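# Observations on chain architecture
Each chain is listed here by its residues.
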Amino acid sequence: MTLDAKIPQGPLAEKWSKHKFDLKLVNPANKRKYDIIIVGTGLAGASAAATLAELGYNVKAFCFQDSPRRAHSIAAQGGINAAKNYQNDGDSVFRLFYDTIKGGDYRAREANVHRLAEVSVNIIDQCVAQGVPFAREYGGLLDNRSFGGSQVSRTFYARGQTGQQLLLGAYSALNRQIHAGKVKVYTRHEMLDVVTIDGHAKGIVTRNMLTGDIDTHAGHAVLLCTGGYSNVFYLSTNAIGSNVTAAWRAHKRGAFFGNPCYTQIHPTCIPVSGDHQSKLTLMSESLRNDGRVWAPKTVEIAEQLRKGTLKADQVKEDDRDYFLERKYPAFGNLVPRDVASRNAKEMVEEGKGVGGSGFAVFLDFADAIKRLGEETVKAKYGNLFDMYIQITDENPYKQPMRIYPAVHYTMGGLWVDYNLSTTIPGLYALGECNFSDHGANRLGASALMQGLSDGYFVIPYTLGDYLAKTGPKKVDTSHPAFEQTKQDVIAHVNKLLALKGTKTVNEYHRDLGHIMWEYCGMARTEEGLKKAKGLIQALKADFWKNAIVTGENEEVNASLERAGRIADFIELGELMVDDALMRKESCGGHFRVESQTPDGEALRDDENFAFVAAWEFKGENQPEELHKEQLTFEAVHLSQRNYA
């Protein structure tokens, strides 16, 4: 199969405008004849559902939470980017585009990224109209702050609750359509498969998580808005329920998976405190605006800090290494996440880590408090500081925070073309669920931007084109394909319930996470990746032999739910390792030890790896087939990233 990204012709800045005009439209009366299925109700899903219903389509929205408000988008903290140039500091649509392409280490599609930058300016207006309480300056204008990978202030924020406030805005728009009868929401329903008819997606199979009922739902198109797969690492900043099942089941039905090994390590997380943890907590990247990252200059001082015989505020200024400011003076503490994470890891490997475990560096606000005053710092970051105090019982107003990198976001996802269509016609992927906009590393405050861009401003156009071409012929669950897919799901559920071994599914998840972090995390080697592949294959075989799943289907059964998700994670983990093994270059946060500059920075191989890796499922226990979408760059010049 030849991958066709369907990138419009013409100058980069005109592609989206021209494409919108060329797309076919569905007239208002005909929109009422179409049924759209949306899986996931985070920012991408809620915004898409509200917008499509507002246009007149009939929408069914599914989520496994008890309310759309509980989507993981609510956990985003720091802000949302937009090229408004309110600060008059040199920002523009092109600069946002350039920063995003460069930040992703030149592994993203130019056309998609430029569209994202264009649409960003509309997102803010949309959200303000919904009542999102963005921070404002003294005169009443919207405030901005800086984020990593940028030298301008373009990030709009609502203290440290930006994701929550944006989701409430989208949720209010969604509720309006629910009340109008245009959206029907199915809470506590988990999608377990995609139904295809003549190669087109025409519905889904779900399990009612309260009753165990396996149901089928028909529609003229299916939109997956189910987030990322960071929990393949077991410990991540994602909600425990976040999973890959919907995307993975779609992959096994024919949707290619793009760049699966591209995962993001976030530099400012609260460090691991022990084996009892099931997730990690993020400290927003916005803290790097005013916080200074440092480690002790010597191993001896670090040892004293680890033993508790010396406190951080007792370390003299001359004994502190502000390593990001030293190595990258132009960007300082606001280098991209992958750069900050890798440097923190290097400090720890040199024996300069702090905290009881030694796996941490400091994020210090003493200078900011002295310069701005504690009340000003509290107004900007107060809820984040409160959260840190509650988790660590340490006061960051009096001593530095301890931070360390952790898995946070996945740039990889289902491969989509410019229209957000997967390789299954009628099946679309929006937001973090797709691979499209961030390359090998996502800049901070761009996840919320992409989710809302896809839902509010892209999919209403591109989906309409598909529907206009396929027509409103009635689709219902009486078609044999629905019953066959339902039976496939029932068989899989029964296979899981038949597992009566001695090892819990959570233990398998933890084992998988250790393998992925050790061999497919921030630093990778060919030898380690080959070892990881063997370990995952052995883990999979052992799972289907010795795992235990308790309870029945016809009840609330967390053991069954987790078993299905972890079985999918194990299969995804093997594909991630295959993808990382194939990509013999360092790019973004994906550091192949064999491919680095003399200074220890990531060394790309543009001649051989300037492509999107799109993997095709070829059958159970069969190697997946690699397809390549070559990336072309017309507006930017490929160069070694330099933040110095």
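These remarks concern the structure in this document. (Residues numbered from 1 in each chain as written. Predicted model: local features only at pLDDT ≥ 70, side-chain atom pairs only at ≥ 80, totals over all residues. Heavy atoms only, no water.)

### Looking at the sheet that holds strand 9 (residues 221-224)
One open sheet holds the five strands; their spatial order is 5-2-1-9-17, and the pairing between them is parallel. Two strands close off the open sheet at either side, each with one partner strand: strand 5 (183-186) and strand 17 (427-429). Averaged over all neighbouring strand pairs, the angle between strand axes comes to 20 degrees, with direction disregarded. Sheet topology places strand 2 (residues 58-62) next to strand 5; four bridges connect them, and they run parallel. Looking across to strand 5, one finds that Phe-62 is bridged to Tyr-186. (Pairing = 2+ DSSP bridges. Helix = DSSP H or I, 4+ residues; strand = E, 2+ residues; numbered from the N terminus. Axes fitted to C-alpha atoms, helices over the stretch in contact; angles between N-to-C directions.)

### Concerning helix 12 (residues 374-392)
Over its 19 residues, helix 12 extends only 20 Å from the first C-alpha to the last, a length that falls short of the 27 Å expected when each residue adds 1.5 Å. Where helix 12 is buried, its residues touch helix 11 (366-372) and strand 15 (401-410). Following helix 12 by one or two positions, Asp-393 has its phi on the positive side, about 60 degrees. (Expected span 1.5 Å × (residues − 1). Contact = heavy atoms within 4.5 Å.)

### A short note on the nonpolar core
Ranked by size, the top nonpolar core spans 152 residues in total, and within it Ile-36, Ile-80, Leu-223 and Phe-543 carry the most contacts. Among the elements that make up this core, the one with the highest residue count is helix 17 (residues 558-582) (13 residues). Each residue touching Ile-36, except ones within four places of it in the same chain, is listed here: Leu-52, Tyr-57, Asn-58, Val-59, Lys-60, Ala-221, Leu-223, Leu-463 and Leu-467. In this structure, Ile-270, Leu-287, Phe-323 and Phe-365 belong to the second largest nonpolar core, which totals 28 residues. (Core = buried A, V, L, I, M, F, W, Y, C linked by side-chain atoms within 4.5 Å. Buried < 20%, exposed > 50% of the residue type's maximum accessible area, 1.4 Å probe, protein only.)

### Observations regarding the environment of Trp-16
Within the fold, Trp-16 resides in helix 1 (residues 15-22). For Trp-16, a relative accessible area of 3% translates into the label buried. Separated by 391 residues in the primary sequence, Trp-16 and Val-407 place their C-alpha atoms 33 Å from one another. In contact with Trp-16, other than residues within four places in its own chain, are Arg-115, Glu-118, Val-119, Tyr-418, Phe-457, Val-458, Tyr-461 and Thr-462.

### Some words on the packing of helix 16 (residues 526-546) against helix 17
Axis separation between helix 16 and helix 17 bottoms out at 9 Å; the angle between their running directions is 160 degrees. On the basis of their axis angle, the class for helix 16 and helix 17 is roughly antiparallel. Between helix 16 and helix 17 lies a crossing of left-handed hand. Contact residues: helix 16 offers Glu-526, Leu-529, Lys-530, Ala-532, Lys-533, Ile-536, Gln-537, Leu-539, Lys-540, Phe-543 and Trp-544, while helix 17 offers Ala-563, Ile-566, Ala-567, Ile-570, Glu-571, Gly-573, Glu-574, Val-577, Asp-578, Ala-580 and Leu-581. (Parallel < 35°, antiparallel > 145°, perpendicular 65-115°, else oblique. Left-handed = near helix turned anticlockwise from the far one by under 90°.)

### Details of the side chain of Thr-410
Position of Thr-410 relative to the elements: it lies in strand 15. Here Thr-410 falls in the buried class, since its relative accessible area comes to 1%. Polar contacts involving the side chain of Thr-410 include one to the main-chain amide nitrogen of Tyr-229, which spans 3.3 Å. Apart from residues lying up to four places away in sequence, Thr-410 is in contact with Gly-228, Tyr-229, Ser-230, Tyr-262, Thr-263 and Glu-432. (Polar contact = N/O pair within 3.5 Å; in protein donor to acceptor, adjacent residues only side chain to side chain.)

### A few points about the packing of aromatic side chains
Taken as a whole, this structure holds 24 aromatic pairs when the rule is applied. Centroid distance Phe-385 to Tyr-397: 4.6 Å. Interplanar angle 50 degrees. Geometry classified as tilted. Within this pair, whereas Phe-385 is found in helix 12, its partner Tyr-397 is found in the loop between helix 12 and strand 15, the two being separated by 12 residues in sequence. Grouping aromatic residues by their ring pairs yields a cluster made of Phe-365, Tyr-381, Phe-385 and Tyr-397. Across the ring face of Tyr-322, the terminal group of Arg-292 is positioned such that the distance to the ring centre comes to 3.8 Å. Geometry around Trp-544 places Lys-495 over its ring, the cationic atom sitting 4.3 Å from the centre. (Phe/Tyr/Trp six-rings, centres within 6.5 Å; stacked < 30°, edge-to-face > 60°. Lys NZ or Arg CZ within 6 Å of the ring centre and 35° of its normal.)

### Quick notes on the pairing of strand 2
Bridge count for strand 1 (residues 35-39) against strand 2 is five bridges, and the pairing is parallel. Within strand 2, the position partnered with Asp-35 by the bridge is Asn-58. Between the parallel elements strand 1 and strand 2, the chain passes through helix 3 (residues 43-55) in a crossover that is right-handed. (Right-handed = clockwise from strand over helix to strand, strands pointing away.)

### Regarding a negative patch on the surface
Residues Asp-213, Glu-552, Glu-554 and Glu-555 make up a contiguous surface patch of negative charge. Looking at the element boundaries, Glu-552 is found in the loop between strand 20 (547-548) and helix 17. (Patch = residues over 30% accessible without salt bridge, like charges linked within 9 Å, V, L, I, M, F, W, Y side chains within 5 Å. Areas by Shrake-Rupley, 256 points an atom, 1.4 Å probe, with all protein chains shown as cover. Salt bridge = Lys/Arg side-chain N within 4 Å of Asp/Glu carboxyl O. Lys, Arg positive; Asp, Glu negative; His and termini not counted. Charge placed at Lys NZ, Arg CZ, Asp CG, Glu CD.)

### Notes on helix 8 (residues 299-307)
Three or more residues of helix 8 are buried, namely Ile-301, Ala-302 and Leu-305. Buried residues of helix 8, viewed axially, fall in a sector of 100 degrees; they line one side. When the buried face of helix 8 is taken as reference, the exposed residues oriented beyond 90 degrees from it are Glu-300 and Lys-307. On its buried side, helix 8 packs onto strand 12 (292-296) and strand 14 (361-364). Phi for Gly-308, located one or two positions after helix 8, is positive at around 85 degrees. (Arc of directions from axis to C-beta.)

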